[in-house]
Amino acid sequence: MATILGAAFIGAQVFPAHAQSTPAVNAVVAFQIPAGSLGQAVMSMAAQAGVNLNVDLHQLSTKTTNGLSGSYSLEEGFARLLADSGYRARLVSVGNYLIEPAPAKVAATVELPKALSDTKEGGELGTVTVSVTRLEQSTENAPQNIKVISKEDIEKQLAITSSTTQILSNLIPSMTPSMQKMSNYGQTMRGLQPLVMIDGIPQSSPMYTSIGRDMTTIDPSMIERIEVIQGANSSNGIGGMGGAINIITKRAQAGKPHQHVSMEATTPTSQLKGDTMSNKTTYGINGSSGNLEYLLNLSYQSQGAFLDGSGKRIGTYDDQGDLMDSKSYNLMAKLGYWIDDEQRIGLTINRYRIKNKNNYSVISGDRDNGIATSSGKNTPMGTAPFNDAWTVGANYENNNLNGMKLDASVYYQTVDSLFRGNTKFLANKAYDQSHAEFEKFGAKLALTTADFMGKKMKATVGLDLMQETSKQTLLYSNLYWIPKINYTDISPFAQLEYSPLSSVKVVGGVRYEHANVKVDSFTTLPRYGGKFVEGGTFSFGKTLFNLGASWSPIEPLNLFANYSQGFKVPDMGKAIRGISVDGAKLSQVSYFQPDIADNYEVGFRIKGEQLSLQASYFHTSVKPGTVISYSKDQWVANRYKTQIDGVELNAGYQVNRQHQLGLGYSHLRGRYDINSDGKVDTRLDGANIAPDRLNLNWSAQWSEELTSSLQANWYFKRSFDGSNAVNTFDASKYRFSGYGVLDLSIGYKLPKGQLSIGIANLLNRKYITYYSQSGIVGNDYYFAGQGRALTVGYRHDF
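Residues numbered from 1 in each chain as written. Predicted model: local features only at pLDDT ≥ 70, side-chain atom pairs only at ≥ 80, totals over all residues. Heavy atoms only, no water.

1. Observations regarding the overall build of the protein chain
We apply this condition: Strands here mean DSSP runs of E at least two residues long; helices mean DSSP runs of H or I at least four residues long; both are numbered from the N terminus. In this scheme, a residue with accessible area under 20% of its type's maximum is buried, one over 50% is exposed, and one in between is partly exposed, where area comes from a 1.4 Å probe on protein chains only. We call two residues in contact when some of their heavy atoms are within 4.5 Å. Residue exposure ignores everything except the shown protein chains as possible cover, and the areas themselves are Shrake-Rupley values with a 1.4 Å probe.
Within the protein chain one finds six helices and 46 strands. The buried share of the protein chain, reckoned over its 798 residues, is 55%. Within the protein chain, residue pairs in contact and separated by at least 24 positions form 67% of the contacts whose partners lie at least 6 positions apart. Only carbon and sulfur atoms are counted for the fraction: they give 55% of the accessible area of the protein chain, which is about 31200 Å².

See below:
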């Protein structure tokens, strides 16, 4: 939830002339507010009452009111004015109110904070509380680097891209640039794989990092906000070496049905043809009736061929699948029922499917001569790649269980992923395709105590359970590439927050990660010699710790420091599929050790009326460590001790009510110990670490109707180490030359609805993607990035 000082000029604040005369909550005030715009009405009410108000006028742009005349308390007045609007007024501190969407069960009213005496008068508005930390910490004084990508941030990105991976890479400086394909393989955060979740449900597979489809299980139109913990953390477990990304989906609003419809069309500016056109349509309806709340969201997208900056068709990624020349749909349904004012049960069903249309075949490029891979218009061999994800989740929340808060959820997910094939799998050179299947069951339980020790301490204890069954076969021959693997994880945890002083917060926690892995016996593919491999059972156990503190010595400065550990079981798939010894026993392979990351971070943040600034330095060490590389037409995982250091900077400046500037910067240095001499002296390549990056953005509100946003991403050049005793690749082929991309989005409010115009790669820059330059070598993978593309969209909420 952003204040006017942190949002893109779509909000307003009303400040009384004499703050010392701020009335009490129960004080009666004579109001005279005419019928009309709800946004103007609440601002007028705040001015008449002499209180501060933080309100997003864009959210209220379609709302009207019958006005208010008479004498009422602030609580009753706001409740009457906001009745049936789906919004409520929340008292943040004495004299400070925030207009926000109301939970479905709660009628528009004033929500009183639990302890007004603990909040300073004139305190900061719009503090964001995130659930990804498991302690529901505030972003303003958390002892770790937490980023919240708001609904407004997502909507700006949706004007220029419909890719979740592109949105994340645009907004998280330490994340690897998107490869602009169906796969997000190699897209790391702080040089390590993050744990991706949707409403707390893990999308990442602990057994496979080579699948790379964990960010391709939902359409971004379904997303309300995204919470990001940057850096290894032990609060969520089951991976999370590089951090945790929790995608929060939309939730029903209170009252009568709220509907939404949008349509958009995208075309390269170099040509306007049917085969390069893309279009997307979404529809949603939500609301509540009595104690029942409901939501249904639908989206459909058809994407055409992509063109680079020179107008040439971009190469299709035959191995992993592509976003270009694809069609996708998403259906998300939610039901919630309030048992009483404190208890709620909910059910969510989400189905996402993306599949290539099979209209293009790859045309090899020439990496040595700088000729990018392209595509020819003809039907390729085999079945089109797809990703198909079903997710069902049920949750129960009780906000007052003997003074404590209980969150419990269960989930079930299946993911079916098909990849393009080749003739290298089988000895007879027959064509076949890789097919991966995953089935997940899980449960999450968290119990948070009420504040105790004079409201200085709170604690969360919980348990995470997950069982995943996976396998990877060949589609036509039904041979196993990777055998059936059963993974079971049981992880109890406890997190404690203690505030000895109002300016100091200490957070600590412990988590015991226990994983059992059972691998079936199988015979390797003919390409590896058809060797029999005896399966085995493995057990991993590790106690993980985190400890951090934040201190605000003076307003508005906050200092923080944090230590946290991450845990990941080894990538079984890469380890066992290429075994070349007949009769090998997995129980005798020394590869199977979990990775443990130790992450240290120090930083500071400043949040003033105009300037917001956060900077941090981190150091992460991983043992035994895993480094991914591409060798002999396949990805392999080698175990090397790894060390990553970095600096991150994020800043925002509110020039005035109409203009805001933003800056993001990330510098990463990654090394690994390639010859086991105890020294990390070999630089990580682009499959394992992001380039240094500078992001600048400018948002403007030119009038009540017209807004704009301009963003620039510069990725700085990077070189990598080459031949040595173990590593024999040509370093000159793993060299990133750097590039910059400028994007523009414009919004215009119509009498009914909103018009948007987005221009991606505004300067039509021709470039080769980071992944193709520095992560993988091959003439079939030398992909150019997308050239200038125009998107025109219309949306209407009613």
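2. Observations regarding the sheet that holds strand S12 (residues 146–149)
So the rule is basically this: Criterion used throughout: strands pair if DSSP finds at least two bridges between them. As a rule, the C-alpha atoms of each element are fitted with a line to give its axis, helices using only the stretch in contact, and angles between N-to-C directions run from 0 to 180 degrees.
With respect to topology, five strands assemble into an open sheet ordered S12-S15-S16-S13-S14, the strand pairing being mixed. The sheet is open, and its two edges are formed by S12 and strand S14 (201–202), each paired on a single side. This element, helix H3 (residues 151–158), spans S12 and strand S15 (223–230) of the sheet and lies at about 105 degrees to S15. Taken strand by strand, helix H4 (residues 164–171) contacts S12, S15 and strand S16 (243–249), and its axis lies near 130 degrees from that of S12.

3. Regarding the sheet that holds strand S30 (residues 522–523)
Taking strand neighbours across the sheet as the criterion, the three strands line up as S30-S31-S34 in an open arrangement whose pairing is mixed. Only two strands of the sheet have a single neighbouring strand rather than two, namely S30 and strand S34 (584–585). In this sheet, strand S31 (residues 532–534) lies alongside S30 in antiparallel orientation, the contact comprising two bridges. Bridge assignment links Thr-523 to a residue of S31, and that residue is Phe-532.

4. Examining a nonpolar patch on the surface
Filter applied, for reference: Each patch is built from residues lacking any salt bridge and having more than 30% relative accessible area; the joining distance is 9 Å for like charges and 5 Å for nonpolar side chains (Val, Leu, Ile, Met, Phe, Trp, Tyr). Just to be clear on terms, a salt bridge is a Lys or Arg side-chain nitrogen sitting within 4 Å of an Asp or Glu carboxyl oxygen.
On the surface, a cluster of nonpolar side chains totalling about 490 Å² of accessible area is made up of Leu-292, Leu-335, Tyr-337, Ile-339, Ile-345 and Leu-347. Those elements that provide at least two residues to the nonpolar patch are strand S20 (326–338) and strand S21 (343–356).

5. Comments concerning the pattern of salt bridges
Enumeration over the complete set of coordinates arrives at 27 salt bridges. Of the charged contacts in the structure, one is a salt bridge between Lys-471 and Glu-437, with a shortest N-O distance of 3.9 Å. Residue Lys-471 is located in strand S27 (residues 457–474), and its partner Glu-437 is located in strand S26 (residues 434–448); the two are separated by 34 residues in the primary sequence. Here Lys-471 falls in the partly exposed class, since its relative accessible area comes to 29%. Assessed through its relative accessible area of 29%, Glu-437 is described here as partly exposed. Via salt bridges that share partners, Arg-251, Glu-293, Arg-344 and Glu-397 belong to a single interconnected network.

6. Things to note about the packing of H3 against H4
To characterise two packed helices, one gives the angle between the axes of the helices and the distance between these axes. Put simply, the test is: Crossings are classed by handedness, with left-handed meaning an anticlockwise turn of the near helix from the far one by less than a right angle and right-handed meaning a clockwise turn. Polar here means any residue other than Ala, Val, Leu, Ile, Met, Phe, Trp, Tyr, Cys and Pro, which are nonpolar, and Asp, Glu, Lys and Arg, which are charged; Gly is therefore polar.
One way to put it is that H3 packs onto H4 with a least axis distance of 10 Å and a crossing angle of 115 degrees. In this structure, H3 meets H4 at a crossing whose hand is right-handed. From H3, Asp-153, Gln-157 and Leu-158 reach across to H4, where they touch Ile-167, Asn-170 and Leu-171. Here the residues of the contact of H3 with H4 are counted per class, giving three nonpolar, two polar and one charged.

7. Structural notes on the environment of Leu-68
For Leu-68, the position within the fold is in strand S6 (residues 68–73). Here Leu-68 falls in the buried class, since its relative accessible area comes to 6%. Separated by 23 residues in the primary sequence, Leu-68 and Met-45 place their C-alpha atoms 8.9 Å from one another. Those residues in contact with Leu-68 that lie beyond four places of it in its chain are Phe-31, Gln-32, Ile-33, Met-45, Gly-77, Arg-80 and Leu-81.

8. Notes on the pairing of strand S46 (residues 789–797)
Every other side chain in a regular strand lies on the same face of the sheet, so the side chains alternate between the two faces. Looking at chain direction, strand S17 (residues 258–268) and S46 are connected through nine bridges and run antiparallel. From the neighbouring strand, Met-263 faces S46, where its bridge partner is Tyr-794. Looking at chain direction, strand S45 (residues 754–760) and S46 are connected through seven bridges and run antiparallel. The partner of Ala-760 across the bridge, within S46, is Ala-789.

9. Some details on the environment of Leu-742
Position of Leu-742 among the secondary structure elements: in strand S44 (residues 739–749). A residue is classified by how much of its surface remains accessible, and Leu-742, at 22% relative accessible area, is partly exposed. C-alpha of Leu-742 to C-alpha of Leu-710: the two residues are 32 residues apart in sequence and 7.4 Å apart in space. Sequence-distant contacts of Leu-742, that is, excluding residues within four places in its chain, are made with Leu-710, Gln-711, Ala-712, Ile-759, Ala-760, Asn-761, Leu-762 and Leu-763.

10. Let's talk about helix H1 (residues 38–49)
Stated precisely, the cut-off is as follows: Helix span, as expected, comes to 1.5 Å for every residue beyond the first.
In this model H1 runs 16 Å from its N-terminal to its C-terminal C-alpha over twelve residues, within 8% of the 16 Å that 1.5 Å per residue would give. Within H1, burial applies to Leu-38, Gly-39, Ala-41, Val-42, Met-43, Met-45, Ala-46 and Ala-49. Among the residues trailing H1, Gly-50 stands out with phi positive, at a value near 75 degrees.

11. Concerning the confidence of the model for the protein chain
Using the following cut-off: As a per-residue measure, pLDDT tells how confident the predictor is, with possible values from 0 to 100.
In this model, the protein chain carries an average pLDDT of 85, and 89% of its residues clear a pLDDT of 70 or more. Segment residues 1–22 is flagged for pLDDT under 50; beyond a separation of four residues in sequence, or across chains, it makes 71 contacts in the model. Within the model, the stretch residues 723–729 combines pLDDT values under 50 with 13 contacts to residues more than four positions away or in other chains.

12. What to know about the packing of aromatic side chains
For the record, the criterion: Ring pairs are drawn from Phe, Tyr and Trp, using the six-membered ring of Trp, whenever the two centres fall within 6.5 Å, and their geometry is named by plane angle: stacked under 30 degrees, edge-to-face over 60, tilted for the rest.
Throughout the structure, instances matching the rule amount to 13 aromatic pairs. Aromatic pair Tyr-563 and Tyr-600: ring centres 4.9 Å apart, planes at 40 degrees, arrangement tilted. Here the residue Tyr-563 occupies a position in strand S33 (residues 557–568), and Tyr-600 occupies one in strand S35 (residues 595–607), the gap between them amounting to 37 residues. Between Phe-736 and Tyr-770, the aromatic rings sit 4.7 Å apart at their centres with planes inclined by 90 degrees, giving edge-to-face as the arrangement. Here Phe-736 is found in the loop between strand S43 (706–715) and S44, whereas its partner Tyr-770 is found in helix H6 (residues 770–774), with 34 residues between them in sequence.

13. Description of the packing of H1 against helix H2 (residues 74–81)
Definition in use: In these notes the angle categories are as follows: under 35 degrees is roughly parallel, over 145 is roughly antiparallel, 65 to 115 is roughly perpendicular, and the rest is oblique.
In the contact formed by H1 and H2, the axes pass within 11 Å of each other and the chain directions differ by 170 degrees. Classified by the angle their axes make, H1 and H2 are roughly antiparallel. Residue-level contacts link Leu-38, Ala-41, Val-42, Met-45 and Ala-49 of H1 to Leu-74, Gly-77, Phe-78 and Leu-81 of H2. When its residues are assigned to classes, the contact of H1 with H2 shows eight nonpolar, one polar and no charged.

14. As for the environment of Ala-35
Its location among the elements puts Ala-35 in the loop between strand S2 (28–33) and strand S3 (36–37). Residue class for Ala-35 comes out exposed when judged on its relative accessible area of 56%. Put simply, Ala-35 and Leu-68 are 33 residues apart on the chain and 7.6 Å apart in space, counted from C-alpha to C-alpha. Excluding residues that lie within four positions of it along the chain, Ala-35 makes contacts with Thr-65, Asn-66 and Gly-67.

15. Side note on the pairing of S35
Sheet topology note: the S33/S35 ladder contains twelve bridges and is antiparallel. Looking across to S35, one finds that Tyr-563 is bridged to Tyr-600. Pairing geometry for S35 and strand S36 (residues 611–623), over twelve bridges, is antiparallel. The partner of Glu-601 across the bridge, within S36, is Phe-618.

16. Remarks on the side chain of Asp-325
The test is simple: Neither His nor the chain ends contribute to the count of charged residues, in which Lys and Arg are positive and Asp and Glu negative.
Tracing the backbone through its elements, the reader meets Asp-325 in the loop between strand S19 (292–303) and S20. For the buried Asp-325, no salt bridge is present, and the opposite-charge side chain at shortest range is Lys-357, 4.8 Å distant. Discounting residues that sit within four places of it in the chain, Asp-325 has contacts with Gln-303, Gly-304, Ala-305, Asn-356, Lys-357, Asn-358, Asn-359 and Tyr-360.

17. Concerning the nonpolar core
For clarity, the threshold we go by: Nine residue types can take part in a nonpolar core, namely buried Ala, Val, Leu, Ile, Met, Phe, Trp, Tyr and Cys, and a core is a set of them joined through side-chain atoms within 4.5 Å.
Within the largest apolar cluster, 29 residues are counted, with the highest numbers of intra-cluster contacts made by Val-517, Phe-538, Phe-540, Met-572, Ile-576, Leu-586 and Phe-592. Among the elements of the structure, strand S28 (480–498), strand S29 (504–519), strand S32 (536–551) and helix H5 (572–576) are those that each provide at least two residues to this core. Residues Val-51, Leu-53, Leu-68 and Tyr-72 belong to the second largest nonpolar core, which totals 25 residues.

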